[in-house]
Amino acid sequence: MIRTENLCKKYEKVEAVKDLSISVEPGEIYGFLGPNGAGKTTTIMMILGILKPTSGKILVFNKDLYSDYFGIKRRVGVVSEVQYLYEDMTAYEYLSFFCDIYNVKNKKEKIEELLHKVDLYDRKDDLLGHYSRGMQQKIGFVRALLNDPELLILDEPVSGLDPTGIREVRDLILEENQRGRTVFMSSHILSEVERISHRVGIMNKGRLVAEDTMENLRKKLSSEVEIELEVDNFDVEAEKRLESLSFVNSVTKEDGKYLVRVKADKDYRGDLVNFVSAIGGNLKEIRKREMSLEDAFITITEKNISLFSSGEVSE
Amino acid sequence: MSYRWTVIKSIMKREARSSFFSLGLYIAATIACLVSAFIFNTYINTVEGNNIMVMASPLNTPLFYAVIVAALYAAISSSTALSREKDRGTLEVLFYGPVDHLSVILAKFFEDIISFLIIMLLVTIYFAYAAITTNLGFSITYLYAIILSIFIASCMSSFGLWLSSLTARIRTSILLLIVVMGGLLGLQFLQNYILTLKPENLSLSMVYIMGIVSNILRVIKWVSPFSYLTDGINAVALGSVSMYIENMIGAIIYTVVLLTATVYTLKWKGVRKL
């Protein structure tokens, strides 16, 4: 759907995007993560042809944007962080205007259907200037969906929304993805991206520092894995023996459970089960603690950038 | 091209709707009518006071003033057309969709011409009323003047759009328009003043300065939309067909060049809200 190859954007002395190569596959939700100023919006603007890349290549639907500008743009829907609406227009007039631009057939039905979907049908004749931030965001979504796009590009779509607004937008994204639309979503709200993305690309200081599925990213980033053990019949001596195992880094006790930090080179759960059984312990529960994307993100952006950049953390 | 035309029509429709519901258009039409009414009244008084029985094209001079007001409105409105949208961020949003630089600029340009025609229609209604009540009547030159005025308005509008593409804020656009228009008008007044001077009464250095100023003015003649306005007025007043056609062709070339420059300037400056 989207492919960039060695994409660069340079402003006089600042390199906003450096050698960016990403690929968004059909049907997926691709989370484009990074702190403010990482180069996410610059990348999106280049994909949309609003900013001209300094170098590199962008393909949308396997085509160069300028080989079929109008054709490609008609297949894409975009929602930005701030909607910048024509505040002197009513919601209906605004959407009708964009239906005309996209040459949408049956525009009345289309607008009404989408306004019902976001619960704004009753406010369709209100001026957009009177809409709240959340309502404006919903109108932005409706605008982006008017042309039944195959690809949705969302730039910080939940930024500045209250929890209810965030949930509504998240549901909308998931629903549209289930309908077959590919979603490319930039965000700095990690929990949101983690919750809905199939794959994630993490940007920092203009560079893509990691790109993979959530699971693989976590694996890559963990130098150790935390395993929770709930065991009966486990004395101090058993604890000491557990700690002395070659693959165990440390053992702590939390709320009656043991938190065992083991090396990340393989899955040691089987070894732990065997160990507990061998010393006569009664294993009630064993669970691997997942690293949240937030942890991964912080790890990547603050600690492991150089490792990723130099390719030391490999797949 | 056909799809671009759909986009142009959609944006033009939105712009026209916005103009119809704003006061600017009606204020410009009212000023145009008032100015021409004042000139018209002066004519009537002249006719009465001097017992003139025959007067060639009595409506032309009042019409010229109406054209000046309407063309100035076109320049002012176009000079903020792009910067206003850029300032508010709405231009960026348009470019998320199937909209390109040329379609936005052409839509704004055509909408400006439509607004100009609406003002001229209102002025013509007023003139028709005045012509009937005073029995002065319309002449064919009125029609010629109206046709030519469209070309003059296109010069003004394309000039305003180009200025607008240079800035990203409404206030800056208006200031730039005032400075540039003031400068161009000032130079035209200077040219008129120079023409009144007698070379034999001037010092050598003054003659030299006059030569430089004349050369600058010769260049500015091609740049200033006001030259097309004054030349057009002269062409109609003199009834010169060649001047009339020359003015039309010049105005078309001027408009195409300025609109092309606007496209490139907008591409260079970008459409994003700063």
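The rules we used
- Residues numbered from 1 in each chain as written.
- Chains lettered and ligands numbered in written order.
- Predicted model: local features only at pLDDT ≥ 70, side-chain atom pairs only at ≥ 80, totals over all residues.
- Heavy atoms only, no water.
- Helix = DSSP H or I, 4+ residues; strand = E, 2+ residues; numbered from the N terminus.
- Rg over C-alpha atoms; globule rule 2.2 N^0.38 Å.
- Contact = heavy atoms within 4.5 Å.
- Areas by Shrake-Rupley, 256 points an atom, 1.4 Å probe, with all protein chains shown as cover.
- Buried < 20%, exposed > 50% of the residue type's maximum accessible area, 1.4 Å probe, protein only.
- Pairing = 2+ DSSP bridges.
- Phe/Tyr/Trp six-rings, centres within 6.5 Å; stacked < 30°, edge-to-face > 60°.
- Lys NZ or Arg CZ within 6 Å of the ring centre and 35° of its normal.
- Buried area = accessible area lost by both parts, 1.4 Å probe.
- Salt bridge = Lys/Arg side-chain N within 4 Å of Asp/Glu carboxyl O.
- Polar contact = N/O pair within 3.5 Å; in protein donor to acceptor, adjacent residues only side chain to side chain.
- Nonpolar A, V, L, I, M, F, W, Y, C, P; charged D, E, K, R; others polar.
- Axes fitted to C-alpha atoms, helices over the stretch in contact; angles between N-to-C directions.
- Expected span 1.5 Å × (residues − 1).
- pLDDT = per-residue confidence, 0-100.
- Parallel < 35°, antiparallel > 145°, perpendicular 65-115°, else oblique.
- Left-handed = near helix turned anticlockwise from the far one by under 90°.

## Concerning the overall build of chain B
So, point 1. Helix and strand counts for chain B stand at 11 helices and 0 strands.
So, point 2. Taken against the 2.2 N^0.38 rule, which gives 19 Å for 274 residues, the C-alpha radius of gyration of chain B at 21 Å falls within 12% of a compact globule.
So, point 3. Expressed along its principal axes, the backbone C-alpha trace of chain B runs to roughly 65 × 55 × 35 Å.
So, point 4. Contacts in chain B between residues far apart in sequence, at least 24 positions, make up 81% of those at least 6 positions apart.
So, point 5. For chain B, the accessible surface area stands at approximately 13,500 Å², while carbon and sulfur atoms represent 71% of it.

## Structural notes on the overall build of chain A
So, point 1. Helix and strand counts for chain A stand at 12 helices and 14 strands.
So, point 2. Of all 315 residues assigned to chain A, the portion counted as buried reaches 51%.
So, point 3. The contacts in chain A between residues at least 6 apart in sequence include a share of 69% that link residues at least 24 apart.
So, point 4. Counting only carbon and sulfur atoms, one obtains 44% of the accessible surface of chain A, whose full area is about 14,600 Å².

## Notes on the pairing of strand β9 (residues 199-204) of chain A
Residues and elements named next belong to chain A.
So, point 1. In terms of residue burial, β9 counts as a mostly covered element, since 6 of its 6 residues are buried.
So, point 2. By the alternation rule, side chains of β9 split into R199, G201 and M203 and V200, I202 and N204, which are all buried.
So, point 3. Where β9 folds back on strand β10 (residues 207-213), the antiparallel hairpin that results is connected by 2 residues, among which K205 adopts a positive phi of roughly 50°.

## Comments concerning the environment of G232 of chain B
Residue and element names in this part refer to chain B.
So, point 1. For G232, the location among the structural elements is in helix α10 (residues 225-238).
So, point 2. When the C-alpha positions of G232 and D87 are compared, they lie 35 Å apart, and in sequence the two are 145 residues distant.
So, point 3. Apart from the residues lying within four places of it in its own chain, the contact partners of G232 are L148, I152 and N247.

## Re the packing of aromatic side chains
So, point 1. Throughout the structure, instances matching the rule amount to 19 aromatic pairs over all chains.
So, point 2. Grouping aromatic residues by their ring pairs yields a cluster made of Y66, Y69 and F70 of chain A together with Y3 of chain B.
So, point 3. In this arrangement the basic side chain of K267 of chain B is found over the ring face of Y264 of chain B, its NZ or CZ atom lying 5.6 Å from the centre.

## Examining the pairing of strand β13 (residues 257-263) of chain A
Residues and elements named next belong to chain A.
So, point 1. Within β13, 5 of the 7 residues are buried, which leaves the element mostly enclosed by the surrounding structure.
So, point 2. Relative to β13, strand β11 (residues 224-232) is paired through 6 bridges, and the arrangement is antiparallel. Paired with V225 across the bridge in β13 is V262.
So, point 3. Direction of pairing for strand β12 (residues 248-254) relative to β13: antiparallel, over a ladder of 6 bridges. The residue of β13 that forms the bridge with E254 is K257.
So, point 4. Linking two consecutive strands that pair antiparallel, namely β12 and β13, is a turn of 2 residues; a positive phi of about 50° is found at D255 within it.

## With respect to the interface of chain A and chain B
So, point 1. Listed by partner, the interface residues are 26 residues for chain A and 26 residues for chain B.
So, point 2. Approximately 2,400 Å² of surface area, both sides summed, lies buried where chain A meets chain B, with 65% of it carried by carbon and sulfur atoms.
So, point 3. Viewed at the interface, chain B and chain A are joined by 3 salt bridges.
So, point 4. A salt bridge links D100 of chain A to K13 of chain B; the nearest nitrogen and oxygen atoms lie 3.2 Å apart.
So, point 5. Applying the counting criterion to the chain A and chain B interface returns 10 residue pairs in polar contact (both at pLDDT 80 or more).
So, point 6. Counting only elements with at least two residues in the side of chain A that touches chain B, the list comes to α1 (40-47), α2 (69-73) and α3 (91-102) of chain A.
So, point 7. Counting residues per element, the side of chain A that touches chain B draws most heavily on α3 of chain A, which supplies 7 residues.
So, point 8. The class makeup of the residues in the side of chain A that touches chain B is 16 nonpolar, 4 polar and 6 charged.

## Section: the sheet that holds β11 of chain A
All names here are of chain A.
So, point 1. Pairing is antiparallel in the open sheet, where 4 strands are placed in the order β12-β13-β11-β14. Single-partner strands in this sheet number two, and they are β12 and β14 (282-289). On average, adjacent strands in this sheet sit at an angle of 25° to one another, irrespective of strand direction.
So, point 2. The strands touched by helix α9 (residues 236-243) within the sheet are β11, β12 and β13, with β12 carrying the most contacts at an inclination of about 145°.
So, point 3. Contacting β11, β13 and β14, helix α10 (residues 269-278) runs over the sheet at an angle of about 160° to β14.

## Re the sheet that holds strand β7 (residues 151-155) of chain A
All names here are of chain A.
So, point 1. Reading across from one edge, β6-β7-β8-β4-β9-β10 is the order of the 6 strands in this open sheet, with mixed pairing throughout. Looking at strand neighbours, the two that pair on one side only are β6 (76-79) and β10, the edges of this open sheet. Mean inter-strand twist for the sheet, computed between neighbouring axes without regard to direction, equals 15°.

## Description of helix α6 (residues 101-134) of chain B
Each α-helix winds once per 3.6 residues, and so residues spaced three or four apart point in a common direction.
So, point 1. If you check α6 of chain B, its first and last C-alpha atoms are 49 Å apart, about what 34 residues at 1.5 Å a residue would give, namely 50 Å.
So, point 2. Following α6 of chain B by one or two positions, N135 of chain B has its phi on the positive side, about 65°.

## Some remarks on the confidence of the model for chain A
So, point 1. Taken as a whole, chain A shows an average pLDDT of 86; of its residues, 90% reach a score of 70 or greater.
So, point 2. Taken as a whole, residues 304-315 of chain A scores under 50 in pLDDT and shows 17 contacts with residues more than four places along the chain or in a different chain.

## Topic: the packing of α3 of chain A against helix α4 (residues 107-117) of chain A
Residues and elements named next belong to chain A.
So, point 1. Interaxial distance between α3 and α4 falls to 10 Å at its minimum, and their mutual angle equals 130°. The angle between α3 and α4 places the two elements in the oblique class. In the crossing of α3 with α4, the sense of the turn from one axis to the other is right-handed. Contacts between α3 and α4 pair Y92, L95, S96, C99 and D100 from the former with K107, K108, I111 and L115 from the latter.

## Structural notes on the packing of helix α3 (residues 60-79) of chain B against helix α4 (residues 81-88) of chain B
Residue and element names in this part refer to chain B.
So, point 1. In the contact formed by α3 and α4, the axes pass within 4 Å of each other and the chain directions differ by 25°. Looking at the two axes, α3 sits roughly parallel to α4. Contacts from S77, S78 and S79 in α3 reach A81, L82 and S83 in α4.
So, point 2. Grouping the constituent residues of the contact of α3 with α4 by class yields 2 nonpolar, 4 polar and no charged.

## A closer look at the pattern of salt bridges
If the charged atoms of two oppositely charged side chains come close together, the side chains can form a pair.
So, point 1. Per the counting criterion, the structure on display carries 34 salt bridges over all chains.
So, point 2. E15 of chain B serves as the salt-bridge partner of R14 of chain B, at 3.7 Å between the closest nitrogen and oxygen.
So, point 3. For E15 of chain B, a relative accessible area of 5% gives the class buried.
So, point 4. Here R169 of chain B makes a salt bridge to D87 of chain B, at a shortest N to O gap of 3.2 Å. Taken together, the residues R169 of chain B in the loop between α7 (140-166) and α8 (170-196) and D87 of chain B in helix α4 connect sequence positions 82 residues apart.
So, point 5. Assessed through its relative accessible area of 36%, R169 of chain B is described here as partly exposed.
So, point 6. Taken together, the shared-partner salt bridges connect D88 of chain A together with R14, E15, R84, E85 and K108 of chain B into one network.

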